[in-house]
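One-letter residues, chain by chain:
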Amino acid sequence: MTERTETVERPSSQRERPSAGGDAALTRRQGLFQSRAWKNYLRNRFGVLGAFMIGVLLIITLAAPLVTGYEPSATDAYNLVKPPSSEHWLGTDAIGRDMWSRVVYGGRISLLVGALGVMLQTVIGTIMGAISGFFGGWVDNVIQRLVEVMQVFPDFMMLLIMVSLLGPSLVNLFIAIALLNWHGVCRLIRGQILTVREEDYILAARSIGVDNRRIIVRHILPNLSGIILVSMVTSIGGFILLEASLSFVGLGVQPPTPSWGNLIFQANNLVVLQIRPWLWIPPGLAVILCVLGFNFIGDALRDVFDPLRQQ
């Protein structure tokens, strides 16, 4: 009895002292998860292929002055509509501009529109979704009715109207795309917050007086970072397609600034479409490869952040 009493009634300093190496154990568990996540990604062949495709496109576009021998807007009256050759790898257009240079520099613009548009869309959608899901009530009803109204109208038609009103320019383009596409992110974040706002750690934070803004920013959104990342990556490809579509109809990036969309616009001429394929096939392939690459990466990341695959 004496030994049992001594064992149970240890000094409070010994009972309250955290186990040695607790922080180290937590760090090891986090490192283990990260290594497993990385291994899960590498097991996805399409994810690796997508990362390779996007990596090559980014390197080429960022190093445009090093991999091209001509300015994208420089004309050459002696080389009009020339097919691909050793001098002009992808030929020249109707006023003698080198198509390889224009495709590479155009990739900068298309990727920039996609990246900036997705960032703005994610910020707006995350804020609106967090407010809607966390507070609920009439705030949730107002935001969700607005989302439903935006979903009623065709996205591309509304985009055409908005860009027409704002005017065709690079800045107006990604602003218009973001403002008309944030509702998807909003519904995604709202649905996730509805599932976690009654969790024990949220209730505990409320019970000790943590304000709502801090709960959302410090406790809820970090746990949704994987979902937000997947949404951003998969949306970039869609933004690039929208930019190409708007530029194809003349409301996107305006010439002489090249983008993949306004380069494909040259294919609206039957002569170009049939006998000058070097003017539209390269930018079209660039768009296809870019969209496929981001979709492959997004699908792989979705598998990585799936709890069933982290075991």
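Predicted model only: the values in this text are computed from it and were never measured.

Parameters at a glance
Residues numbered from 1 in each chain as written. Predicted model: local features only at pLDDT ≥ 70, side-chain atom pairs only at ≥ 80, totals over all residues. Heavy atoms only, no water. Helix = DSSP H or I, 4+ residues; strand = E, 2+ residues; numbered from the N terminus. Expected span 1.5 Å × (residues − 1). Buried < 20%, exposed > 50% of the residue type's maximum accessible area, 1.4 Å probe, protein only. Arc of directions from axis to C-beta. Salt bridge = Lys/Arg side-chain N within 4 Å of Asp/Glu carboxyl O. Patch = residues over 30% accessible without salt bridge, like charges linked within 9 Å, V, L, I, M, F, W, Y side chains within 5 Å. Areas by Shrake-Rupley, 256 points an atom, 1.4 Å probe, with all protein chains shown as cover. Polar contact = N/O pair within 3.5 Å; in protein donor to acceptor, adjacent residues only side chain to side chain. Contact = heavy atoms within 4.5 Å. UniProt positions renumbered as here; feature names shortened; annotations may be inferred. Phe/Tyr/Trp six-rings, centres within 6.5 Å; stacked < 30°, edge-to-face > 60°.

Q: I'd love a proper account of helix 10 (residues 182-196), names of residues and values included.
A: Owing to its 3.6 residues per turn, the α-helix brings residues three or four apart onto one side. When the terminal C-alpha atoms of helix 10 are compared, their 22 Å separation across 15 residues agrees well with the 21 Å that a helix rising 1.5 Å per residue should span. What helix 10 keeps buried is the set Trp182, His183, Val185, Cys186, Ile189, Ile193 and Val196. Viewed end-on, helix 10 has its buried residues packed into an arc of 150 degrees, placing them on one side of the element.

Q: Tell me about the pattern of salt bridges, residues and numbers included.
A: In this structure the tally under the stated criterion is 4 salt bridges. A salt bridge links Arg190 to Asp140; the shortest N-O distance between them is 2.7 Å. Taken together, the residues Arg190 in helix 10 and Asp140 in helix 7 (residues 137-152) connect sequence positions 50 residues apart. Residue Asp299 is joined to Arg302 by a salt bridge in which the shortest nitrogen-to-oxygen separation is 2.8 Å. Pair noted here: Asp299 and Arg302 are both in helix 16 (residues 281-304), with a separation of 3 residues, about one helical turn. The class for Asp299 is partly exposed, based on a relative accessible area of 38%. According to the relative accessible area criterion, Arg302 is partly exposed, its value standing at 42%.

Q: Account for a nonpolar patch on the surface, naming residues and giving values.
A: Taken together, Phe46, Leu49, Phe52 and Val56 make up a surface patch of nonpolar side chains, about 400 Å² in accessible area. Under the relative-accessibility criterion, Val56 is labelled partly exposed at 34%.

Q: Outline the side chain of Asn44, listing residues and values.
A: For Asn44, the location among the structural elements is in the loop between helix 3 (22-43) and helix 4 (45-62). Looking at Asn44, the relative accessible area reads 17%, which means it is buried. At a separation of 3.3 Å, a polar atom in the side chain of Asn44 contacts the side chain of Asp303. In contact with Asn44, not counting residues within four places along its chain, are Ala300 and Asp303.

Q: Describe helix 12 (residues 212-220), and please don't skip the residues or the numbers.
A: Along helix 12, the residues that are buried comprise Ile215, Ile216 and Ile220. Angularly, the buried residues of helix 12 cover 95 degrees about the axis, an arc narrow enough to put them on a single face. For helix 12, exposure combined with an orientation more than 90 degrees from the buried face picks out Arg213 and Arg218. Contacts from the buried residues of helix 12 go to helix 6 (99-135), helix 10 and helix 11 (200-207). Residue Asp211 occupies the N-cap position of helix 12, its side-chain oxygen lying 3.3 Å from the main-chain nitrogen of Arg213.

Q: I'd like a rundown of the UniProt feature "transmembrane region" (unreviewed entry) in the protein chain, residues and numbers included.
A: The feature "transmembrane region" (unreviewed entry), as given by UniProt, occupies residues 46-67, 109-136, 156-180, 220-242 and 278-301 in the numbering adopted here. Structurally, residues 278-301 comprises 88% helix and 0% strand, and the distance from its first C-alpha atom to its last is 35 Å.

Q: I'd like a description of the side chain of Ser231, backed by residues and values.
A: In this structure, Ser231 sits in helix 13 (residues 225-248). Residues in contact with Ser231, not counting those within four places in the same chain, are Val185 and Leu188.

Q: So what about the environment of Asn212? Which residues, and what values?
A: Inspection of the secondary structure assignment puts Asn212 in helix 12. A relative accessible area of 34% places Asn212 in the partly exposed class. In this structure the C-alpha to C-alpha distance between Asn212 and Ile131, which are 81 residues apart in sequence, comes to 9.9 Å. With residues up to four places along the chain from it excluded, the contact list for Asn212 reads Phe134 and Phe135.

Q: Go over unusual backbone geometry, please, and point to the residues and values.
A: For the bond from Pro255 to Pro256, the omega torsion is 10 degrees, close enough to zero to count as cis. Locating Pro256 in the fold gives a position in the loop between helix 13 and helix 14 (260-264).

Q: Outline the packing of aromatic side chains, listing residues and values.
A: Enumeration according to the criterion identifies 3 aromatic pairs in this entry. Measuring from centroid to centroid gives 5.3 Å for Phe134 and Phe135, while their planes differ by 85 degrees, and the two rings are edge-to-face. Classification of Phe134 as buried rests on a relative accessible area of 4%. Under the relative-accessibility criterion, Phe135 is labelled partly exposed at 44%.

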